[in-house]
Amino acid sequence: MNFQKANNISGWVIFGIAFLVYTFTFEETASYWDCGEFIAVSYKLEVPHPPGAPLFLVMGRLFSFLSLGDVTKVAYWINFMSVVASSFTILFLFWSITLLGRKMMNVKNLAELNRDQTWILMGAGAVGALSFTFSDSFWFSAVEGEVYAMSAFFTAFVVWAILKWDVIEDESKANRWLILIAYMMGLSIGVHLLNLLAIPALGLIYYFKKYKPGTWGVIGSLAFSGGLIILINDLIIPGLPTIAGGFEIFFVNNIGLPFGSGALVFCLLIIAGLVWGITYSQKKNKPILNTFLLSITFIIIGYSSYGIIVIRSNFDPPINQNSPKDIMSFVRYLKREQYGSRPLLHGQYFTAKPVDIEYTDPVYIKGKDKYVISERKFEIIYDPAHTTILPRAWNPEHKESYMDILGLREGQKPTFVQNMYFMFRHQIGTMYMRYFMWNFAGRESDEKGADWLGPRSWFENVPDELANNRARNNFFMIPFALGLLGMFFQFNKDTKNFAVVGLLFLMLGLAIVVFLNSPPEEPRERDYIYSGSTYAFTFWIGLSVIGICDFFKKFIKNIKGATLAAVAIGLVSPAIMAAQGWDDHNRSDRFFSVDSAKNYLATCEPNAILFTGGDNDTFPLWYVQEVEGFRTDVRVVVLSYYNTDWYIGQTQMPAYESQPFKYTLTMNNYRQGGPNDYLRFTDLKINAIEGRQYLDLLSKDYPQLRYDDANILPSRTITIGIDVDDLKSRGIIPKSKDSLLVDQMVLKVKKGGLEKRTLPSLTCWLLITGNAPFT
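So, a few notes on the structure that sits alongside this text.

Cut-offs and rules
Residues numbered from 1 in each chain as written. Predicted model: local features only at pLDDT ≥ 70, side-chain atom pairs only at ≥ 80, totals over all residues. Heavy atoms only, no water. Helix = DSSP H or I, 4+ residues; strand = E, 2+ residues; numbered from the N terminus. Buried < 20%, exposed > 50% of the residue type's maximum accessible area, 1.4 Å probe, protein only. Polar contact = N/O pair within 3.5 Å; in protein donor to acceptor, adjacent residues only side chain to side chain. Contact = heavy atoms within 4.5 Å. Pairing = 2+ DSSP bridges. Phe/Tyr/Trp six-rings, centres within 6.5 Å; stacked < 30°, edge-to-face > 60°. Salt bridge = Lys/Arg side-chain N within 4 Å of Asp/Glu carboxyl O. Axes fitted to C-alpha atoms, helices over the stretch in contact; angles between N-to-C directions. Parallel < 35°, antiparallel > 145°, perpendicular 65-115°, else oblique. Nonpolar A, V, L, I, M, F, W, Y, C, P; charged D, E, K, R; others polar. Expected span 1.5 Å × (residues − 1). Bend = angle between axes of the 7 residues up to and from the residue. Patch = residues over 30% accessible without salt bridge, like charges linked within 9 Å, V, L, I, M, F, W, Y side chains within 5 Å. Areas by Shrake-Rupley, 256 points an atom, 1.4 Å probe, with all protein chains shown as cover. Lys, Arg positive; Asp, Glu negative; His and termini not counted. Charge placed at Lys NZ, Arg CZ, Asp CG, Glu CD. Core = buried A, V, L, I, M, F, W, Y, C linked by side-chain atoms within 4.5 Å.

Pro51 follows Pro50 through a cis peptide bond whose omega is 5 degrees. With respect to the helices and strands, Pro51 occurs in the loop between helix H2 (35-44) and helix H3 (54-64). Phi at Leu45 takes a positive value of approximately 50 degrees, unusual for a residue other than glycine. On the accessibility criterion, Leu45 (21% relative accessible area) is partly exposed. Notably, Asp701 is not glycine yet its phi reads approximately 50 degrees, a positive angle. Relative to the assigned elements, Asp701 resides in the loop between helix H28 (691-699) and strand E11 (706-707).

This is the structure in structure tokens:
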């Protein structure tokens, strides 16, 4: 059997193994965190949280058709999409390892490969690909309806594609692969941006094939690759819509043309420019320019999946986060502006005090016949004495944690050395290396903050609760050791491609650590973010088989025996990972998230309002309502969204059987950048203010409640009158508790003021207590 046939058959066999593993262990319904949201918005093509994942939604919608009308099977099939994507990830990883293995064995022509070399390559591919199959972080993502499995597929595909391009000698055929890679990268934008971080490694492969390697050449290649990332991540993804927004403002506000005219003209100019450039490059016989322009074109074509977000938002679906209906709101959606930003190259320590505010660009919203300015963006200027380059300890919300980790006293500013210590100890040590070792050494448990298992933990006595934890997986560091061997062997035999894999490993791991600049605490473990790094490491686990075989050949004259011994040793890695990880990754019988969501809704009265706070108490509810149609009369209100005008506006629209909310205040009172974004407490010597009266004064823009451009809270005490007879007549208070009813509710404000979300919530309280809102 020749190499090509063996490679194809073996690859599909490994695909089949991964497919069966994930099929037996994937979750059949909506899991916690973002899964419930993604399944719900995929099923009805709604608008998820920024920056969205439109291609994932479309693919999820297609897979949902396999439920054949059974809504209880929609989650099953959308989760199954992750199974398929993950299995293809393993397939392309296998083929990538065998391609790199050929280079490590210095095989330039397939005709040079003998049977023994072919089988050692198949063994290397199998060991590496199966190790990634059973790795902790990737296996977790492979069995649920989230974007990370599909994102991994795109990353594995483009790496395999550039390695295929590398072995094609025909220039015209090779360039087609570059265009295909560009198109897949464009598509991946509609899933997740992880794919872009593979560009530097791809750039090195291009450089090593086209040019004689040199120090400055490598530096130039990396600089050009970095430029490509900036081109796509900054100039194409948010940049093109931002420029289109500038055209829109000019054409609508200055010339007086209809909404959408400026964006349309800009799109036509982009198309015309690309057509002219491609035609010019063909006529002038400029293949590099032609390939570059075609690649940009296909990136934009792939990126165009984002049109779905704007189209569906204009249909006002029940889940319509940020309501990106026009180009201006779409740009804010893409840039994730609601989440704020983290300092990267220069910024403040957590001890820094604001000294000034610098207002920057205006924020435009759609008015009656033109765009109007609702507010201005601003940047907080901090005391320069408390700023630094590469700020790591920056978030004042985690002040106590920083002080504990760095050993600081109250009010003490960290030094730059302590700042770097936090990065290396916590961000790299705890938030990356701990996760990395989970995958290749072992994991203590599935409790938050669980450590990895090193040699000291192998035989220690631990409490039964910890010893019997299903996620206590001990790999005895075998996969890690094999990866180090593979790293050593590749460095010695194929330094250029060692640099490629090493760069892929760093870009998908440590580079993300530096960019994210994570605070000391996260709501949950974030190991899934770095699964690209574990993907790169499994290349070395696979390539270790080739190195071990070469070592055995020095002592074993029988080449087949050396091959079998090396493959057998290598297969210990995926075998122990599978045996240890199966029980805690098998989610085939988990239904708690959906069952609990149904229980929450089932306990509500008809047409009730159910307030939620975050992901895990919201997204399962969205899933059972949007997909399974369960208790759609109940209105789920997310309090964290209640600070935004778009969400308050959406609650004023009907949603299935739930009636629209009637508020005391108008949408103008709730607009972003308006006087009610934050109502700061200002002591006017008022003992208390009645809630209904306070809302009435705000609705009338009462001048005595205004300070500068914002309204104020004149008292820390807010009272709400209670219609006792009305509450008794509703039967919601047990008769044995009637005597405890009071005629007034007293609310105390302990912080510095009220957030906007308090105002619509206050209206809801007025309704509940028998106070009709103002109309």
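Inspection of the secondary structure assignment puts Asn175 in helix H8 (residues 171-189). Owing to a relative accessible area of 15%, Asn175 belongs among the buried residues under this scheme. Here Thr291 takes part through its side chain, which lies 3.5 Å from a polar atom of the side chain of Asn175. Leave out the neighbours within four places in its chain, and Asn175 touches Trp165 and Thr291.

So, about the sheet that holds strand E14 (residues 744-748). Ordered in space as E10-E13-E14, the three strands form an open sheet in which the pairing is mixed. The two strands at the open ends of the sheet, each matched to only one other strand, are strand E10 (689-690) and E14. Relative to strand E13 (residues 717-721), E10 is paired through two bridges, and the arrangement is parallel. What sits directly across from Ile689, in E13, is Ile718.

Here we take up the packing of aromatic side chains. Two measures describe an aromatic ring pair: the distance that separates the ring centres and the angle between the ring planes. As enumerated under the stated definition, the model contains 70 aromatic pairs in all. An angle of 40 degrees between the planes, with centres 6.4 Å apart, marks the rings of Trp622 and Tyr641 as tilted. Residue Trp622 is found in helix H25 (residues 619-626), and its partner Tyr641 is found in the loop between strand E8 (635-638) and helix H26 (645-651); the two are separated by 19 residues along the sequence. Since its relative accessible area comes to 8%, Trp622 is described here as buried.

It is worth spelling out the pattern of salt bridges at this point. Tallying each qualifying case throughout the model produces 19 salt bridges. The partner of Lys493 in a salt bridge is Asp550, and the shortest N-O contact between them spans 1.8 Å. Here Asp550 lies in helix H22 (residues 531-553) and Lys493 lies in helix H19 (residues 478-493), a separation of 57 residues in the sequence. The exposure class assigned to Lys493 is partly exposed, which follows from its relative accessible area of 41%. Between Lys685 and Asp683 there is a salt bridge, with the nearest N and O atoms lying 3.7 Å from each other. Overall, Asp683 belongs to the partly exposed group, its relative accessible area being 44%. A network of salt bridges, in which partner residues are shared, links Glu27, Glu144 and Arg587.

This part is about the sheet that holds strand E15 (residues 753-755). What holds strands together in a sheet is hydrogen bonding between their backbones, with the strands either parallel or antiparallel. Across the sheet, which stays open at both edges, the four strands sit in the order E11-E12-E9-E15 with mixed pairing between neighbours. Of all strands in the sheet, those with a lone pairing partner are E11 and E15, marking the two edges. In the sheet, strand E9 (residues 678-681) pairs with strand E12 (residues 710-713) via two bridges, with the strands oriented parallel. If you follow Phe681 over to E12, its bridge partner there is Leu713. Packing against the sheet, H28 makes contact with E9, E12 and E15, and its axis sits at approximately 165 degrees to E12.

Now for the packing of H19 against helix H20 (residues 495-507). Viewed as axis vectors pointing N to C, H19 and H20 meet at an angle of 135 degrees, and their least axial separation amounts to 6 Å. Here H19 is positioned oblique relative to H20, judged by the angle of their axes. Contact residues: H19 offers Met487, Gln490, Phe491 and Lys493, while H20 offers Thr495, Asn497, Phe498 and Val501. Class assignment for the residues of the contact of H19 with H20 results in four nonpolar, three polar and one charged.

Below, the discussion takes up helix H23 (residues 559-585). Spanning 27 residues, H23 covers 38 Å between terminal C-alpha atoms, matching the ideal 39 Å at 1.5 Å per step. If you look at H23, its biggest bend is around 30 degrees, right at Ala579. In this structure Asn558 caps H23, since a side-chain oxygen of it lies 2.9 Å from the backbone nitrogen of Lys560.

Looking now at the environment of Met403. Residue placement: Met403 occurs in helix H16 (residues 399-406). A C-alpha to C-alpha distance of 48 Å links Met403 and Leu20, two positions 383 residues apart in sequence.

A word on a negative patch on the surface. Where like charges cluster on the molecular surface, the negative patch consists of Asp356, Glu358, Asp361 and Glu379. Mapping Asp361 onto the fold places it in strand E2 (residues 354-366). Given a relative accessible area of 48%, Asp361 falls into the partly exposed group.

With that out of the way, let us pick up the nonpolar core. When a protein is soluble and globular, its nonpolar side chains tend to lie buried together. Tyr22, Leu504, Tyr535, Phe539 and Tyr694 are the most contacted members of the largest nonpolar core, which has 199 residues in total. Discounting residues that sit within four places of it in the chain, Tyr535 has contacts with Leu93, Phe132, Thr155, Ala156, Val159, Leu504 and Leu508.

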